[in-house]
Amino acid sequence: MAVNMDKPHRWKADVLQSVDFYNHWFVQFAPETYREQRIEQTGVVKKALEQTDYLRDVTPKLLRDHPEILPMLRMATSPPLARDRLIGLAYVTPNLVKSMEETSKHAPRIPPRMAKAQADEELERICQIIERLADRDLFVWLNDPDAFNEESIQRGALILADRLCGAAADPIIRNAQEQRQLQALRDWLEARGYRFAASSSIEGVDTMMPGTFSFLYNVPVHSGSKSVNIAVDCIVKPRSSQREDLPLFVEAKSAGDFTNTNKRRKEEAQKARQLRETYGTGVQFSLFLCGYFDTPYLGYEAAEGIDWVWEHRIDDLALLLGDEPPSGDGTAVPTQPPTSPKTEEPEVAYVTEAEQRRQAFQRLLDAEKTQSERNILGQFATPPRLARDILAAAQALLVDRKTPIDFLDPAFGTGSFFSALLDTFAPDRLGRCHGIEIDPHYGKPAAQLWADSPLKLHEADFTALPAPASEGERFDLLICNPPYVRHHHLASEEKKRLVAIAQQRASVRPSGLTGLYAHFMYLAHPWMREGGIAGWLIPSEWLSVNYGRTLRQYLLDRMTLLHIHQFNPEDTQFDDALVSSTVVWFQACLPKPAHTVRFSYGGSLAEPSQERVVTVAELRRRPKWSGLFAPRTSTSESSVLVRDLFRPKRGLATGANQFFLLAEDEIERRGLPWTFFRPALPSPRYLPDPIIRRDAAGWPLVGRRRFLLHCRLPEREVERDYPALWAYLQEGVAEGISERYLCRKRSPWYSQEERAPARFLCSYMGRGSAKGTPPLRFFHNRSEAVATNVYLNLYPKGALEQAMQSDPELEEMLWEALNQVGEELLQRHGRTYGGGLLKIEPKELGATPLPGLTGDIVQHVHAQTALFA
C-alpha cells in the first residue's frame, strides 16, 4: 500500500515538519561534532608533521610508507589543493592520488599494479609541488629555523586541522546524520521484535529470515550485460513474509538545504529501476527522509513509484511492513490486549468473546518475542480457522462416544485448540480438560485467560512428565500442534534422553535427525486411553524423509491410522513459519486385518481437493508416502534410473559464498591473482537458458558471472608472495569467516573441495514461477564452471564420460532424457515444503526414473559405453 507518495495534500506540511526536525538536530549536534573532529584532526596532523620532519623532509619513500598523509599535505599548501588540482599540477595519474586517499573500499595505498619506477617518479613530482607551494606563513620555520618551537607547531597544526575539517565539514555532518538515521531505524525495528542480522550472514536478499533486518547490504543487480552490487542502507524482511519473499529496501536520506536534493533524486530512481529490473516489479523500495526535501523532489520520486517515510513520523514504516498499524499516539505495537480486538478472520460470522481475547493475547505475546526465539522453540500458534476445522473433525470421529470425553493438549500455548473445543462440543460432552505448556511467557497469561473454564493447565515440560499410571488418568481425545523444533536445535544429551523415553513408552528407536514434534507423538503413547483418538498438526516432511520411516512404521504397527490430510504446500497454514503441514488422525488400538487409510490433499480438512483410500499393505510397501499425493503421469515409468548412469553429488559448499565468490571487477579492483580463481555458476535464478555456453577460455557466457577463490598455499606463503590476496583474507578473518563451521574444518581455511565441472546439473531446491518456470531445473553445462551447493552435479558413471566425449550425439541424447524428467516425477521422489518449495537430495534424484530413455537409446548408451569399459 502507498504511505505518503499518494497524499500530495500533506507534502507541504510534512516538508516544514521535516525541516524543523533536521534544524533542531543540527543546532544541537553540528557544533560539538565539528569541535570533536578538529581536536581529532589536530592529533592526526601533529603525527603527520612529525613523520615529515615538520614538512622539511617530504620524500617519495615517506609517501610510499605513509600514503595516508597526502590529504594533510594538500591542505598544507597555499592555497590548499583539491585532489584534481594536485593531479593536474604534478602531472600524475588520477589512480595514484585516489588510491592514496580513498578509504571506503581499501586502506590508503600505492596502486598495487603500478610499476614501482613509475610510482616513484610520480611521487617525486607530488613532493616537488608540496615543497614549492607549502604555506610558509603558516609553517613559519620553513623560512626562519629559529621560529621552530612548540607554540608555532601547535598553531600550525590547529589551523591545518581546521582546514581539513572545513574541507570535510559537510561529509562529517552528513555521515553523522546518516548514522543517526540508521540508529533510529534500528531502535524502531528492535522495539517491535525485529532482529539485526550482519550482512555477512545473509547469503541473498531472497533467503533472509522473516523478522530480521540488516544495514549497508550489497545487493546484486543487472547493469546492462553485467552484474554489479549496489549498496542499500537498510533491508527489512517483514515478520509476515514468506522465506522466499524479498525484503523491503530502504534508503536513508538527509539534506541540510534544498540546493542538492534535486540533483540526488535521480540516484534513488536509478537504484529503484535496477532493483525492479533484476527482482521484478513487485520490489518495495522506500526512502527514509529527514531534512530539506521539497515538493518537486517528492513529486519526482512519486512519479518513479518510490514511496517514503518521514523520520518525524517513523511509525508509518509499520504500514510498509504490513505490521500492526500505528495507533493514534504513534505506538505501533499495543502495550495491552484491546478490549474489543479485531478478529484474525473477519469472514467468520461469530467468534466468542473468549476467543477474541485469546487472539489479542496471542498477537501481543508473539510480538514480545523475536522470530528467532520462537523458531528455536518451535512456537507457531495454530490459526483459529484451522483449530476449528480440526475440532470439528474430532467431533465427527467421536460421534458415537457416549461417555464424557477427556481432552489433552500437550503443547497448549494460549489455547487455540481448547477454545475451538469449547465452541464445538456441548458442555455435557466434556469431562476432564488438561493442557501442558512449557513456556511461562504463554502459560501464565493462558492460565489467567481460562481461569473460569474447566481447564486444568500445567506449566511443565511434557517430555519430562511421568505418563499416567492408570487407564482412568488417560485421555480420550489428544489434539496437539507440537513444537516444530529441528534436531539441530536439540542438544546431544537431550536427544539421547528423548530417544530413551521413546523406546520405553512406544517401543521405537527414533533417528538422531528426528524433530521434537515426532518425539511428542511417541511420548504421548501412554497418555491415550484404549480406543482414544489423536489428531496431530505436524510438518509434512515425515511423509518422505528417512527419519520419518520410524514414525510411519509406528503408525502402521502400534496404532490404527485413520486419516492423513496434507495441505497444498503453496497454502502454508502458518503466517510465521514456512512449512507444509499435515493433520494426522489415529486411534489408540491395533489395526484390524485389511484396514484401509483415508488420504486427502489440498483444499481444507473438511473439503479436500483430492481423496483416496489406501490399504495398509500398500503403505508398508512404499518407502515414502508423499507420492500418494502427487498426480500420476500417464506415461509408464522407465526402468532406467538416474543413478544407473550418473553419480548425483551436491555442489561445492564454501561456507561463505559472499566472501569466496567474487565478480570479475572486484577481483581486478583488489588486484587479486587470477591463478587462485576458477569460474563458478551463479544461482539458477540467474540462468534463463538451461544450456550454459562457454567463451574461448571456458568461462560461462552468463550474467552475474562469479569466480571461486580456491588457494591451497599455506598462510605464510600467501603473506609473503601475494600481499593483495593476504589483505583480502585478513578481511575474512576480521569478519569471522575463518571461524565458520565449514571453513575451520578446512586446511587452510580458504581452500575449497576439489570438484570437477559437471556436464549436467540439477537445481537443488526451488519454487515454480508465475511464468511457468518449474521448481527444479536441469542444466547442460558446456563451460568449465563449477557449481556450488545450490546445484546437484550429475557425474557420468564408469566409462560413460569417455563415451560422451567420443560421441557428442550421446551427450545430446542424455540431455534430452533428463529434460523429460518432469515436475511430477521430481515431486514424487523429492520433498515438498511450505509455499511450494520443492527440494531433492542426491539419493532421491538418483532414484528418479528417466522416462525419456527408450529401448533404442538405452542400447546406444550401452554400446558406446562398452567401447571404453
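The structure displayed is predicted, hence computed values, not measured ones.

Peer 1: Would you mind showing me how to read the packing of aromatic side chains here?
Peer 2: Aromatic rings in a pair are described by how distant their centres are and how their planes are angled relative to each other. All chains considered together, the criterion is met by 33 aromatic pairs. Relative to Phe-418, the ring of Phe-407 has its centre 6.5 Å away and its plane inclined at 35 degrees; by these criteria the two rings are tilted. Of this pair, Phe-407 sits in strand β7 (residues 405-409) while Phe-418 sits in helix α15 (residues 416-424), and the two are eleven residues apart along the sequence. Phe-418 carries the same exposure label as Phe-407, and that label is buried. Ring centres of Trp-542 and Trp-625 lie 5.7 Å apart, and the angle between their planes is 75 degrees; this geometry places the pair in the edge-to-face category. Here Trp-542 is found in the loop between β11 (528-539) and α19 (549-557), whereas its partner Trp-625 is found in the loop between α20 (616-621) and α21 (642-645), with 83 residues between them in sequence. This pair shows no difference in class: Trp-542 is buried, exactly as Trp-625 is. Following the ring pairs from residue to residue traces out a cluster consisting of Phe-659, Phe-660, Tyr-728, Trp-749 and Tyr-750. Above the ring of Phe-148, the side-chain terminus of Arg-56 is found at 4.4 Å from the ring centroid. Above the plane of the ring of Phe-660 lies Arg-746, whose end atom (NZ or CZ) is 5.4 Å from the centre.

Peer 1: Where do I start with the sheet that holds strand β18 (residues 677-680) in this structure?
Peer 2: Each strand in a sheet pairs with its neighbour through backbone hydrogen bonds, running either in the same direction (parallel) or in the opposite one (antiparallel). Spatially, three strands are ordered β17-β20-β18 in an open sheet, and the strand pairing comes out antiparallel. The sheet is open, and its two borders are formed by β17 (661-662) and β18, each paired with just one other strand. Summarising the sheet, β18 and strand β20 (residues 706-709) pair through four bridges and their orientation is antiparallel. Within the sheet, the bridge partner assigned to Phe-677 lies in β20 and is Leu-709.

Peer 1: Hey, could you run me through the sheet that holds strand β14 (residues 596-601) in this one?
Peer 2: Strands sit in the order β9-β8-β7-β10-β11-β13-β12-β14-β15 across an open sheet of nine strands; the sheet is mixed. The open sheet has two edge strands, β9 (455-459) and β15 (610-615), and neither has a second partner. Strand-to-strand twist across the sheet, computed as the mean angle between neighbouring axes with direction ignored, equals 15 degrees. Relative to β15, β14 runs antiparallel, the two being bridged by six bridges. Bridging from a neighbouring strand, Arg-598 pairs with Val-613 of β15. Here helix α18 (residues 516-523) sits on the sheet and contacts β10 (475-480), β11 and β13 (581-587); the angle it forms with β11, its principal contact strand, is near 175 degrees.

Peer 1: So what exactly am I meant to see when it comes to the packing of helix α17 (residues 492-506) against α18 here?
Peer 2: Two numbers describe a pair of packed helices, the interaxial angle and the distance between the axes. Orientation of α17 relative to α18, taken along the N-to-C sense of each, is 30 degrees, at an axis distance of 8 Å. One finds that α17 runs roughly parallel with respect to α18. Crossing handedness for the pair α17 and α18: left-handed. Contact residues: α17 offers Leu-498, Val-499, Ile-501, Ala-502, Arg-505 and Ala-506, while α18 offers Leu-516, His-519, Tyr-522 and Leu-523. Considered class by class, the residues forming the contact of α17 with α18 number eight nonpolar, one polar and one charged.

Peer 1: Please explain helix α12 (residues 353-367) as it appears in this structure.
Peer 2: The α-helix winds at 3.6 residues per turn, so residues separated by three or four positions along the chain end up facing the same way. An ideal rise of 1.5 Å per residue puts 21 Å on 15 residues; α12 measures up with 22 Å between its terminal C-alpha atoms. Among the residues of α12, Glu-355, Arg-358, Gln-359, Ala-360, Gln-362, Leu-364, Leu-365 and Asp-366 are the ones counted as buried.

Peer 1: Just to check I follow, could you spell out the pairing of strand β4 (residues 248-255) for this structure?
Peer 2: Side-chain direction in a regular strand flips from residue to residue, so the side chains alternate between the two faces of the sheet. Of all the eight residues making up β4, eight are buried; the element is thus mostly covered by neighbouring parts of the structure. Burial of the side chains of β4 extends over both faces: Leu-248, Val-250, Ala-252 and Ser-254 are buried on one face and Phe-249, Glu-251, Lys-253 and Ala-255 on the other.

Peer 1: Whenever I open this one, helix α25 (residues 723-734) confuses me. Can you help?
Peer 2: A rise of 1.5 Å per residue sets the reference length of α25, with its twelve residues, at 16 Å; its end C-alpha atoms lie 16 Å apart and thus fit the reference within 8%. Within α25 the residues assigned to the buried category are Leu-725, Trp-726, Tyr-728, Leu-729 and Gly-732. For α25, the angular spread of the buried residues around the axis is 160 degrees, confining them to a single face. Turned more than 90 degrees off the buried face of α25, the exposed positions are Pro-723 and Ala-734. Against α22 (657-660), β17, α23 (664-670), β20 and α24 (715-721) lie the buried residues of α25. In the segment just after α25, Gly-736 is the residue with positive phi, at about 85 degrees.

Peer 1: Could you clarify how one ought to interpret unusual backbone geometry in this entry?
Peer 2: Negative phi values dominate among residues other than glycine, just as trans dominates among peptide bonds. For the bond from Ser-78 to Pro-79, the omega torsion is 0 degrees, close enough to zero to count as cis. Tracing the sequence through the fold places Pro-79 in the loop between α3 (70-75) and α4 (83-90). Cis geometry marks the peptide bond from Ser-747 to Pro-748; its omega dihedral reads -5 degrees. Unusually for a residue other than glycine, Asp-53 sits at a positive phi of about 55 degrees. Along the chain, Asp-53 falls in the loop between α1 (11-51) and α2 (60-65).

Peer 1: Even after reading the chapter, I still don't get the side chain of Asp-409, so can you show me in this structure?
Peer 2: Along the chain, Asp-409 falls in strand β7. With no salt bridge to any partner, buried Asp-409 finds its closest opposite charge in Arg-358, at an N-O distance of 9.4 Å. With near-sequence residues (within four places) excluded, Asp-409 lies in contact with Phe-417, His-434, Gly-435, Ile-436, Ile-479 and Cys-480.

Peer 1: Please clarify how the nonpolar core should be interpreted in this entry.
Peer 2: The tendency in soluble globular proteins is for nonpolar side chains to be buried side by side. Core analysis: the biggest nonpolar cluster contains 50 residues, and Trp-536, Trp-542, Phe-586 and Trp-625 have the highest contact counts within it. A per-element tally of this core places α18 first, with seven residues.

Peer 1: What exactly am I supposed to notice about the packing of α4 against helix α6 (residues 116-133) here?
Peer 2: Packing of α4 against α6 leaves a shortest axis separation of 9 Å and a crossing angle of 110 degrees. Comparing their axes, α6 and α4 come out roughly perpendicular. Together, Leu-86, Leu-89 and Ala-90 of α4 and Arg-125, Ile-126, Ile-129 and Leu-133 of α6 make up the contact between the two elements. Broken down by class, the residue content of the contact of α4 with α6 amounts to six nonpolar, no polar and one charged.

Peer 1: Looking at this model, I keep getting lost on the confidence of the model for the protein chain. Mind explaining?
Peer 2: Parts of the prediction with low pLDDT should not have their coordinates interpreted in detail. Taken as a whole, the protein chain shows an average pLDDT of 83; of its residues, 87% reach a score of 70 or greater. Averaged over each element, pLDDT in the protein chain is lowest for helix α31 (residues 855-866) (59) and highest for β7 (97). In this model, residues 325-350 is a region of pLDDT below 50 whose contacts with residues beyond four sequence positions or in other chains number 42 contacts. In this model, residues 573-578 is a region of pLDDT below 50 whose contacts with residues beyond four sequence positions or in other chains number 29 contacts.

Rules of the game
- Here the residue numbering is sequential within each chain, running from 1 through the sequence in written order.
- At least 70 in pLDDT is required for a residue's local features to be given in this predicted model, at least 80 for side-chain atom pairs to be given and counted, and no such filter applies to totals for whole chains, interfaces and linings, which use all residues.
- Hydrogens and waters are ignored; side-chain quantities use all the structure's heavy atoms.
- Any Phe, Tyr or Trp ring, taking Trp's six-membered ring, that has another such ring centre within 6.5 Å forms a pair; planes under 30 degrees apart are called stacked, those over 60 apart edge-to-face, and the others tilted.
- Each helix corresponds to a stretch of at least 4 residues labelled H or I by DSSP, and each strand to a stretch of at least 2 residues labelled E; elements are numbered beginning at the N terminus.
- To sort residues, take the accessible area from a 1.4 Å probe on protein chains only and compare it with the maximum for the residue type: under 20% means buried, over 50% means exposed, and anything in between is partly exposed.
- Only when the NZ of Lys or the CZ of Arg is both within 6 Å of the ring centre and within 35 degrees of the ring normal is a charge said to sit over the ring.
- Two strands qualify as a pair provided DSSP detects at least 2 bridges between them.
- The axes are straight lines fitted to the C-alpha atoms, using for helices just the contacting stretch, and the angles between their N-to-C directions are given from 0 to 180°.
- Working rule for contacts: check all heavy atoms of both residues, and any pair within 4.5 Å makes them a contact.
- In what follows, roughly perpendicular refers to angles from 65 to 115 degrees, roughly parallel to angles under 35, roughly antiparallel to angles over 145, and oblique to any angle outside these ranges.
- Rotating anticlockwise by less than a right angle from the far helix to the near helix defines a left-handed crossing, while the corresponding clockwise rotation defines a right-handed one.
- For this classification, Asp, Glu, Lys and Arg are treated as charged, while Ala, Val, Leu, Ile, Met, Phe, Trp, Tyr, Cys and Pro are nonpolar and the rest, including Gly, are polar.
- One less than the residue count of a helix, multiplied by 1.5 Å, gives the span that helix is expected to have.
- Directions from the helix axis toward the C-beta atoms define the arc.
- All tallies of charge rest on Lys and Arg as positive and Asp and Glu as negative; His and the ends of each chain are not included.
- For this document, the term salt bridge refers to a Lys or Arg side-chain nitrogen within 4 Å of an Asp or Glu carboxyl oxygen.
- Only buried residues count toward a nonpolar core, which is a set of Ala, Val, Leu, Ile, Met, Phe, Trp, Tyr and Cys residues joined through side-chain atoms within 4.5 Å.
- The predictor attaches a confidence to each residue, called pLDDT, with possible values from 0 through 100.

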